[in-house]
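Read off the chains here:
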Amino acid sequence: MTIDIARLRRQLLAWYDQEGRTLPWRIRPEDRIAGGPVADPYAIWLSEIMLQQTTVPHATPYWHRFLSLWPTVQDLAVAPRDDVLREWAGLGYYARARNLHACAIEVATDHDGQFPDTLDGLRSLPGIGDYTANAILAAAFDKPASVVDGNVERVITRLHRVETAMPKAKPEVRKLAAAIADPDRSGDYAQAIMDLGATVCTPRKPDCSACCWSFACAASAVGDMERYPVKAPRKVKPVRRGTAWLVRRAGRIWLRKRGDAGLLGGMTEVPSSPWLETGHASEAPPLEAEWADRGEVRHVFTHFELRLAVREGEASPGWEPDSGYWADERDLGNEALPSVMRKVLAARRS
DNA sequence: CAGGCGTGGGC
DNA sequence: TGCCCAAGCCT
């Protein structure tokens, strides 16, 4: 069967003009100045990086904070990377922060501070993949684009009842989505279809009665919306265990900076034993001290669950760590502490 | 290219 | 409580 693409576009944009959300980084159609810039590409880019796998409520305060600290891409480019990581702490997926800084430097130095306005130009920058490049193209430059994020995947797979499981269905979904994307109101269309997925065509209990696309939706027609997108079964999450050592002395605490690559790369940590799925039974403390049990910190990462036994001890006057540094406990706000390490620190005696 | 890579909220 | 989910990217 064929789909009335013109009607889909018309009804989606009409719905968006009426019901679309106002988001801090977006300029609503009615607030735009004819001939003026559609939006600040830097602010749009910043929002898109923060929103990768992250909810709008979680990302929004970070977006405001970053813009106030670093109003332009040049400001961000010359900022110390540790400052960027510190401000990103709590947002997760810290490779995004490392790439964010690298991207700012590249735009500032190689592109004269101007974000590229082409798909290939954007895609070549660190941290910008297919989705983000299209999102910037649409939101910042109003150029023809097709954004395919999780929302769009859900809307499109339901519209067409795509039976192929994700992520194998991605090429098919991309093609179906591109056929509908409106090149004439690219920015509004991109925001509209994501809004539709976020507020109407939701993962559970979608509100088809309020959906401007229900007239054409194959899944809604048979009442089997929640079947889509089809996904492969999840794998079980292993448990890793270790011991974190809270070493204190005279109002200071022993901290370390993690290596750049991998989990929590570049972030601050409380020193700990390796995190292992098996064994580890008797991990030797890093120094001789009287160790107090501070319970267990549990933290769930994307691909494993961590259970850290927390022990606290006071270092003798002569002892110095062979790695890391002493941090004043009043200055922990200056540290790039991921959430799991905040939990560990919160377990210490106050 | 399947898997590594955070976090917090909803139910 | 445990599971699912959220505007993905990189290797």
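Please refer to the structure higher up on the page.
Please read all numbers here as calculations on a predicted model, not as lab measurements.

A. Region of interest: the overall build of chain A. If you tally the helices and strands in chain A, you get 13 helices and 6 strands. Principal-axis analysis of the C-alpha atoms places the extent of chain A at approximately 75 × 50 × 30 Å. Out of the 350 residues belonging to chain A, those deemed buried represent 47%. Excluding contacts between residues fewer than 6 apart, the proportion of contacts in chain A whose partners are at least 24 apart in sequence is 68%. By element, 51% of the accessible surface of chain A is carried by carbon and sulfur atoms, the whole surface being about 17400 Å².

B. Quick peek at the protein's contact with DNA strand B. Around DNA strand B sit 20 residues, and of these Lys-235, Leu-264, His-299, Thr-302 and His-303 come closest. The share of sugar and phosphate among atoms of DNA strand B within 4 Å of the protein is 65%. With respect to DNA strand B, the backbone of Tyr-93 contributes an N or O atom lying 3.0 Å from a sugar or linking oxygen. Interatomic distance of 2.6 Å between a side-chain N/O atom of Thr-302 and a base nitrogen of DNA strand B. Mapped onto the surface near DNA strand B, the elements with two or more residues apiece are strand S4 (292–300) and helix H13 (339–346). Looking at the surface near DNA strand B, its residues break down into 9 nonpolar, 10 polar and 1 charged.

C. Geometry of the pattern of salt bridges. Taken as a whole and judged by the stated rule, the model has 26 salt bridges. Residue Arg-26 pairs with Asp-188 through a salt bridge whose shortest N-O separation is 3.4 Å. In this pair, Arg-26 is assigned in the loop between helix H1 (5–19) and helix H2 (41–51) and Asp-188 in helix H11 (residues 186–199), connecting sequence segments 162 residues apart. On the basis of relative accessible area, Asp-188 is assigned to the buried category, the value being 5%. The salt bridge involving Arg-249 is made with Glu-320; its shortest N-O contact spans 2.9 Å. Taken as a pair, Arg-249 in strand S1 (residues 239–249) and Glu-320 in the loop between strand S5 (305–314) and strand S6 (325–328) lie far apart in primary sequence, 71 residues in all. Residue classification places Glu-320 among the partly exposed residues on the basis of a relative accessible area of 46%. Three or more residues are tied together by salt bridges with common partners; here these are Asp-17, Arg-26, Arg-32, Arg-185 and Asp-188.

D. The nonpolar core, seen in detail. Trp-45 and Trp-213 are the most contacted members of the largest nonpolar core, which has 101 residues in total. Residues lining this core come from more than one domain, with at least three contributed by each of domain 1 (5–227) and domain 2 (239–346). The residues contacting Trp-45, other than those within four sequence positions of it, are Leu-76, Leu-100, Cys-103, Ala-104, Phe-115, Ile-128 and Ile-136. Within the second largest apolar cluster, 7 residues are counted, among which are Trp-245, Leu-287, Ala-315 and Trp-326.

E. Just the protein's contact with DNA strand C, in detail. Neighbouring residues of DNA strand C: 25 residues in total, closest Leu-23, Gly-127, Asp-149, Asn-151 and Pro-203. Backbone atoms, meaning sugar and phosphate, make up 70% of the atoms of DNA strand C lying within 4 Å of the protein. Gly-129 is positioned such that a nitrogen or oxygen atom in its backbone is 2.9 Å from a phosphate oxygen of DNA strand C. A breakdown of the residues in the surface near DNA strand C according to their chemical character gives 9 nonpolar, 9 polar and 7 charged.

F. Focus on the packing of H2 against helix H3 (residues 56–69). Where H2 meets H3, the closest approach of the two axes is 9 Å, and the angle between their N-to-C directions is 140°. When the interaxial angle is binned, H2 and H3 end up oblique. Crossing geometry of H2 relative to H3 is assigned as right-handed. Here Tyr-42, Ala-43, Leu-46, Ser-47, Met-50 and Leu-51 of H2 lie close against H3, whose contacting residues are Val-56, Ala-59, Tyr-62, Trp-63, Phe-66 and Leu-67. Split into classes, the residues belonging to the contact of H2 with H3 amount to 11 nonpolar, 1 polar and no charged.

G. The arrangement of the packing of aromatic side chains in detail. Evaluated as defined, the whole model comprises 10 aromatic pairs. The interplanar angle of 75° and the centroid separation of 5.3 Å between the aromatic rings of Trp-254 and Trp-319 together place this pair among those described as edge-to-face. With a gap of 65 residues between them, Trp-254 in strand S2 (residues 252–257) and Trp-319 in the loop between S5 and S6 connect regions that are remote in the sequence. For Trp-254, a relative accessible area of 3% corresponds to the buried category. Owing to a relative accessible area of 18%, Trp-319 belongs among the buried residues under this scheme. In this arrangement the basic side chain of Arg-7 is found over the ring face of Phe-215, its NZ or CZ atom lying 3.8 Å from the centre. Over the aromatic face of Phe-304 sits the side chain of Arg-240, whose NZ or CZ is 3.9 Å from the ring centroid.

Definitions and cut-offs
Residues numbered from 1 in each chain as written. Chains lettered and ligands numbered in written order. Predicted model: local features only at pLDDT ≥ 70, side-chain atom pairs only at ≥ 80, totals over all residues. Heavy atoms only, no water. Helix = DSSP H or I, 4+ residues; strand = E, 2+ residues; numbered from the N terminus. Buried < 20%, exposed > 50% of the residue type's maximum accessible area, 1.4 Å probe, protein only. Contact = heavy atoms within 4.5 Å. Areas by Shrake-Rupley, 256 points an atom, 1.4 Å probe, with all protein chains shown as cover. Near = heavy atom within 4 Å. Polar contact = N/O pair within 3.5 Å; in protein donor to acceptor, adjacent residues only side chain to side chain. Nonpolar A, V, L, I, M, F, W, Y, C, P; charged D, E, K, R; others polar. Salt bridge = Lys/Arg side-chain N within 4 Å of Asp/Glu carboxyl O. Core = buried A, V, L, I, M, F, W, Y, C linked by side-chain atoms within 4.5 Å. Domains from an automatic or database assignment. Axes fitted to C-alpha atoms, helices over the stretch in contact; angles between N-to-C directions. Parallel < 35°, antiparallel > 145°, perpendicular 65-115°, else oblique. Left-handed = near helix turned anticlockwise from the far one by under 90°. Phe/Tyr/Trp six-rings, centres within 6.5 Å; stacked < 30°, edge-to-face > 60°. Lys NZ or Arg CZ within 6 Å of the ring centre and 35° of its normal.

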